[in-house]
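Per-entry structural report
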Amino acid sequence: EVQLLESGGDLVQPGGSLRLSCAASGFTFESFAMSWVRQAPGKGLEWVSVVYSGGVSRYYADSVQGRFTISRDNSRNIVYLQMDSLRAEDTAVYYCAKNHLGGYALYAFDVWGQGTLVTVSS
Amino acid sequence: IVMMQSPDSLAVSLGERVTITCRSSQSVLYTSNKRNYLAWYQHKAGQPPRLLLYWASTRESGVPDRFTGSGSETNFTLTISRLQAEDVAVYYCQQYYTSPSTFGQGTKLDIK
């Protein structure tokens, strides 16, 4: 079964850091680009970041550029999101999502994790 | 690219037809392969989003055929031919033509 399992969500103070993890199983992880998508309370979906198959090419939403870093470990089938300088507006459920097609471009997302909640508050 | 959906919410009777529209601020049609880089998702409370359609009109495996996508370039439509109770959800369009990928604001669908 194809599965994504996020972890690492927590309550953190403004200015703090947090690292999210997403463990993948049931598919050839290294063949697909992986993204993080978030949903703030009462809001819609917002794409956050993508890392392509090789792990070198990474792209970010303007709202997190320079503060968040996405990475992947193809030997362990895990994608990470390092979040620094966190702000209240980063409060959201963070979903890990798999490209439906290929590893070197953005496509639709055919598999999603259950999400992990990040709360930024003092 | 800004994605705009309409309406923001709607309530429809069971068995009736549902139409949700999505407009992009620029074309998401990649002319070299004639594909529209547009997807539709269904998001139910407490669950992760579910991919319904990609390339604007290709149904994902397991998606009922009452869900249909149409449109090209900047104007797209999601149609549910006969609304069922389990279709209550928020529906999003997403462009993946260029980075950053962007979603519409969502359309909340309820039963009348």
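Remember, it's a predicted structure, so these values are computed and weren't measured experimentally. The residue numbers shown here count from 1 along each chain, following its written sequence. Each chain is given a letter, starting from A, and each ligand a number, starting from 1, according to the order in which they appear as written. In keeping with the predicted nature of the model, local features appear solely for residues at pLDDT of at least 70, side-chain atom pairs appear and are counted solely at 80 or more, and the whole-chain, interface and lining totals rest on all residues. No hydrogens and no water enter the side-chain calculation; it runs on all heavy atoms of the structure.

1. Some details on the overall build of chain B
Basically, it comes down to this: We count a stretch as a helix when DSSP gives it H or I for four or more residues in a row; a strand needs E for two or more, and each element gets its number in order from the N terminus. Note on method: radius of gyration uses C-alpha positions; expected globular size equals 2.2 Å times residues raised to 0.38. Method for areas: the Shrake-Rupley scheme with a 1.4 Å probe, in which residue coverage is limited to the protein chains shown. Neither His nor the chain ends is counted toward charge; the positive residues are Lys and Arg and the negative residues Asp and Glu. We put the charge of a Lys on NZ, of an Arg on CZ, of an Asp on CG and of a Glu on CD.
Across its full length, chain B holds zero helices and 13 strands. Going residue by residue from the N terminus, the α and β elements of chain B occur as β-β-β-β-β-β-β-β-β-β-β-β-β. Its C-alpha radius of gyration of 13 Å places chain B within 12% of the 13 Å reference for a compact globule of 112 residues. Split by element, the accessible area of chain B, about 5,200 Å² in all, is 46% carbon and sulfur. Each charge class in chain B was averaged separately, 11 positive and 8 negative side chains, and the resulting centres sit 4 Å apart.

2. Details of the sheet that holds strand β10 (residues 75–80) of chain B
Residue and element names in this part refer to chain B. Rule in force here: Whether two strands pair comes down to DSSP finding at least two bridges between them. Lines fitted to C-alpha atoms define the axes here, with helix axes fitted over just the stretch in contact, and angles between the N-to-C directions of these axes take values from 0 to 180 degrees.
Taken in spatial order, the four strands of this open sheet run β1-β3-β10-β9, and their pairing is antiparallel. Because the sheet does not close on itself, it has two edges, and the strands there are β1 (3–6) and β9 (67–72). Neighbour to neighbour, the strand axes of the sheet diverge by 20° on average, direction disregarded. Pairing between strand β3 (residues 18–24) and β10: six bridges, direction antiparallel. Counted as the bridge partner of Cys22 is Phe76 from β10.

3. A word on the state of the cysteines
The condition is simple: We call a pair of cysteine sulfur atoms a disulfide when they lie within 2.5 Å. Three exposure classes are used, based on accessible area relative to the maximum for each residue type with a 1.4 Å probe and protein chains only: buried under 20%, partly exposed in between, and exposed over 50%.
Evaluated as defined, the whole model comprises two disulfides over all chains. Sulfur-sulfur distance for the disulfide between Cys22(A) and Cys96(A) comes to 2.1 Å. Between Cys22(A) and Cys96(A) the disulfide shows an S-S torsion of about -75°. By sign, it is left-handed. With a gap of 74 residues between them, Cys22(A) in strand β3 (residues 18–25) and Cys96(A) in strand β9 (residues 92–99) connect regions that are remote in the sequence. There is no split in this pair, since Cys22(A) and Cys96(A) are both buried. For Cys22(B), the disulfide goes to Cys93(B), at an S-S distance of 2.1 Å.

4. Thoughts on the interface of chain B and chain A
Just so we agree on the cut-off: Working rule for contacts: check all heavy atoms of both residues, and any pair within 4.5 Å makes them a contact. Accessible-area loss on putting two parts together, using a 1.4 Å probe and summing over both, is the definition of buried area adopted here. Any Lys or Arg side-chain nitrogen located within 4 Å of an Asp or Glu carboxyl oxygen qualifies as a salt bridge.
Listed as interface residues are 20 residues of chain B and, on the opposing side, 19 residues of chain A. Of the roughly 1,600 Å² buried where chain B meets chain A, counting both sides, 68% is carbon and sulfur surface. Area buried by chain B at its contact with chain A is led by Pro48(B), Pro49(B) and Phe103(B), which between them contribute 30% of it. Across the chain B-chain A interface, the total number found is zero salt bridges. The set of elements that each furnish at least two residues to the side of chain B that touches chain A consists of β6 (38–43), β7 (50–54) and β11 (89–95) of chain B.

5. Focus on the pairing of strand β8 (residues 78–83) of chain A
All names here are of chain A. Counting buried positions over the six residues of β8 gives five, a clear majority of the element. Where β3 lies against β8, six bridges are found, and the strand directions are antiparallel. Within the sheet, the bridge partner assigned to Cys22 lies in β8 and is Val79. With six bridges connecting them, strand β7 (residues 68–73) and β8 associate as antiparallel partners. Counted as the bridge partner of Phe68 is Met83 from β8. Hairpin connection of β7 to β8: four residues between the antiparallel strands, including Asn77 at a positive phi of 60°.

So, to be careful, I would describe these as geometric facts and stop short of saying anything about function.
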